[in-house]
Amino acid sequence: MAVQPNTQTQVPSRHRFHGLCPFFAMFPETFVEKWISRVTSEADTVLDPFCGRGTAPFQAILMGRDSVACDINPVAYCITRAKTNPPSQSAVRRRLTLLEKGFDAAAWESCRRRLPRFFHLAYTPGTLRQILCLRSQLHWRSSDTDCMIAALCLGALHGESQKSASYLSNQMPRTISTKPAYSIRFWQKHGYKAPERDVFDLLRRRLDYRYESPLPAKRADVHLDDMRNLPHHLRKRQTPIRCVITSPPYLDVTSFEEDQWLRLWFLGSESRPTYGRISRDDRHERREAYWGFIMDMWRMLGQILAPASDIILRIGGKGFNPDEIVTGLYGTTLIARRHVELIDQEVSFIQRRQTDSFRPGSRGCRFEVDCHFKMR
Ligand SMILES: C[S@@+](CC[C@H](N)C(=O)[O-])C[C@H]1O[C@@H](n2cnc3c(N)ncnc32)[C@H](O)[C@@H]1O
């Protein structure tokens, strides 16, 4: 008798961790994969000092490289660390069961009532009490298991719940958290109501889905800090770093702190958007300040990279033209006090921007430039 292939156990072609939690202004894994194949060998370490959702370090460890990542934003750190230092599926399940057993809805009621109006329209009372419990109980900075649960929560916290049952909030984009006043007006205009969701059930479903891909064999070294402090973190590192694949914040395009305010709240920040508390480099509006920040990046890279390193940078910006970006990037390399060559550059025009889905017609970044530098 012919044996039918078991489609249940097939490994998904795209690793399920890539989509653990979306982020704004992210690059695709195909970009990272292309450059890792082109400029590194298995013995190399890949660094991303602005790692966002962690695509570069995660793809690097999937391809057998070592990896170092850094981001100043706790949301980026939590997602990147969860992907690149994952606990076993059974450890996450056990912890979820423990958290659920310890959950006492009544204990979270007064805390729920004190939250601003946005939260009462975004979530049903039952869902919000469970979110509050997890927000207070998860030790995401010190435990890999809790970090994975927190990252699963971040991925579920808001999204297009009119179309999908895998989000906890009233209808919102999944990439960014829209601001409270805008969200309330939007829900009222469309008559949208928060969906009834059991957070623990939803997290278990998300966990099973993400863990259908095998865990990476390696772990990455992830830092929650300003990239300017990386030389201090890497002081005792034995293996040299020869490859950087990264995308710094673009000129005057977006503030990651504002865009991720609801996820930041879940990780312990305030219950409203904040500005300039986490990073003063998210959204430089003036060119001089922006290039000053890029100089700080070159200074840091000059201190930590091995001879003959490859540096791949993807950058865009509002009001910039591609030549200005390349000239600015190359001009600022002087500060690294190393010989830096521009090997190649490529401009790509952005067809479908993430903002088009919730800010149609907005002026913004229309192209990106990829530059390949060699630092001798
Ligand atoms: C364009 S995004 C990177 C996106 C990433 N490539 C991805 O695919 O998700 C830029 C990142 O730089 C981070 N950032 C801003 N200022 C920083 C700083 N001074 N040091 C380190 N990271 C910073 C932001 O939090 C944001 O995650």
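Residues numbered from 1 in each chain as written. Predicted model: local features only at pLDDT ≥ 70, side-chain atom pairs only at ≥ 80, totals over all residues. Heavy atoms only, no water.

**Let's talk about the packing of aromatic side chains**
Where we set the bar: Stacked, tilted and edge-to-face are the three classes applied to pairs of Phe, Tyr and Trp rings, where Trp contributes its six-membered ring and a pair requires centres within 6.5 Å; stacked means planes under 30 degrees apart, edge-to-face means over 60, and tilted covers the rest. The criterion is that NZ of a Lys, or CZ of an Arg, lies within 6 Å of the ring centre and within 35 degrees of the ring normal, and then a charge sits over that ring.
This model, assessed by the stated rule, comprises 20 aromatic pairs. Three or more aromatic residues link up through ring pairs in this structure, and these residues are F50, Y290, W291, F293 and F320. A cation over a ring is seen here: R38 above W35, with NZ or CZ 4.7 Å from the ring centre.

**Section: the side chain of D282**
Where we set the bar: Only DSSP runs of H or I with at least four residues qualify as helices, and only runs of E with at least two residues qualify as strands; both kinds are numbered from the N terminus onward. Three labels apply to residues, based on accessible area from a 1.4 Å probe with only protein chains included: buried if under 20% of the type maximum, exposed if over 50%, partly exposed otherwise in between. We treat Lys and Arg as the positive residues and Asp and Glu as the negative residues; His and chain ends play no part in the count. Any Lys or Arg side-chain nitrogen found within 4 Å of a carboxyl oxygen on Asp or Glu counts as a salt bridge. Polar contacts here mean pairs of N or O atoms no more than 3.5 Å apart (in protein, one a potential hydrogen donor and the other a potential acceptor; neighbouring residues in sequence count only if both atoms are side-chain atoms). Every residue pair with non-hydrogen atoms within 4.5 Å of one another is taken to be in contact.
You can see D282 is positioned in the loop between α13 (261–266) and α14 (287–304). Buried within the structure, D282 lacks any salt-bridge partner; its nearest side chain of opposite charge belongs to R283, at an N-O separation of 9.4 Å. Separated by 3.0 Å, the side chain of D282 and the backbone nitrogen of F256 make a polar contact. Separated by 3.0 Å, the side chain of D282 and the backbone nitrogen of E257 make a polar contact. Beyond its immediate stretch of four places on either side in the chain, D282 contacts P249, Y250, T254, S255, F256 and E257.

**Structural notes on the packing of helix α8 (residues 144–156) against helix α10 (residues 199–210)**
To keep it simple, the criterion reads: The axes are straight lines fitted to the C-alpha atoms, using for helices just the contacting stretch, and the angles between their N-to-C directions are given from 0 to 180°. Should an angle lie under 35 degrees it is considered roughly parallel, over 145 roughly antiparallel, and from 65 to 115 roughly perpendicular; all remaining angles are considered oblique. The nonpolar class holds Ala, Val, Leu, Ile, Met, Phe, Trp, Tyr, Cys and Pro. Asp, Glu, Lys and Arg form the charged class, and all remaining residues, Gly among them, are polar.
At a minimum axis separation of 10 Å, α8 and α10 run at an interaxial angle of 105°. In terms of their interaxial angle, α8 and α10 are classed as roughly perpendicular. Side by side, α8 and α10 meet where I149, L152, C153, G155 and A156 of the first sit next to L202, L203, R206, L207 and R210 of the second. Split into classes, the residues belonging to the contact of α8 with α10 amount to seven nonpolar, one polar and two charged.

**Describing the confidence of the model for the chain**
Rules: A residue's pLDDT is simply how confident the predictor is in it, with values from 0 to 100.
Across the chain, pLDDT averages 93, with 94% of residues at or above 70. Low pLDDT (under 50) marks residues 1–6, which in the prediction has zero contacts with non-local residues, meaning those over four places away or in another chain.

**Here we look at the site of the ligand**
The condition is simple: Being near a molecule or strand, for a residue, comes down to having at least one heavy atom within 4 Å of it. Residue burial considers only the protein chains on display, and all accessible areas are found by Shrake-Rupley using a 1.4 Å probe.
Taken together, 24 residues sit near the ligand, with F27, R53, D71, S279 and D281 positioned nearest. Here D71 contributes a side-chain N or O atom positioned 2.7 Å from an oxygen atom of the ligand. Contact between the ligand and S279: a nitrogen atom at 2.9 Å from a side-chain N or O atom of the residue. Compared with its free state, where it exposes 610 Å², the ligand has 100% of that area covered by protein. Its residues assigned to classes, the shell around the ligand shows twelve nonpolar, five polar and seven charged.

**Points about the side chain of H284**
Positionally, H284 belongs in the loop between α13 and α14. Side chain to side chain, H284 and D281 meet in a polar contact 3.0 Å long. Discounting chain neighbours no more than four positions away, the residues touching H284 are L251, D252, A289, Y290 and F293.

**Some thoughts on the sheet that holds strand β5 (residues 305–316)**
We count it as follows: Strands are treated as partners if at least two bridges between them are detected by DSSP.
Strand order in this open sheet of seven strands is β3-β2-β1-β4-β5-β7-β6, and the pairing throughout is mixed. A strand with exactly one partner marks an edge of an open sheet, and here the two such strands are β3 (221–224) and β6 (340–349). When the angles between neighbouring strand axes are averaged without regard to direction, this sheet yields 15°. Note that strand β1 (residues 45–48) and strand β4 (residues 241–246) share two bridges and pair parallel. Bridged to V46 within β4 is C243. With respect to the sheet, helix α3 (residues 74–84) is in contact with β2 (66–71) and β3, its orientation differing from that of β3 by roughly 165°. Contacting β1, β4, β5, β6 and β7 (367–375), α14 crosses the sheet at an angle of about 155° to β5.

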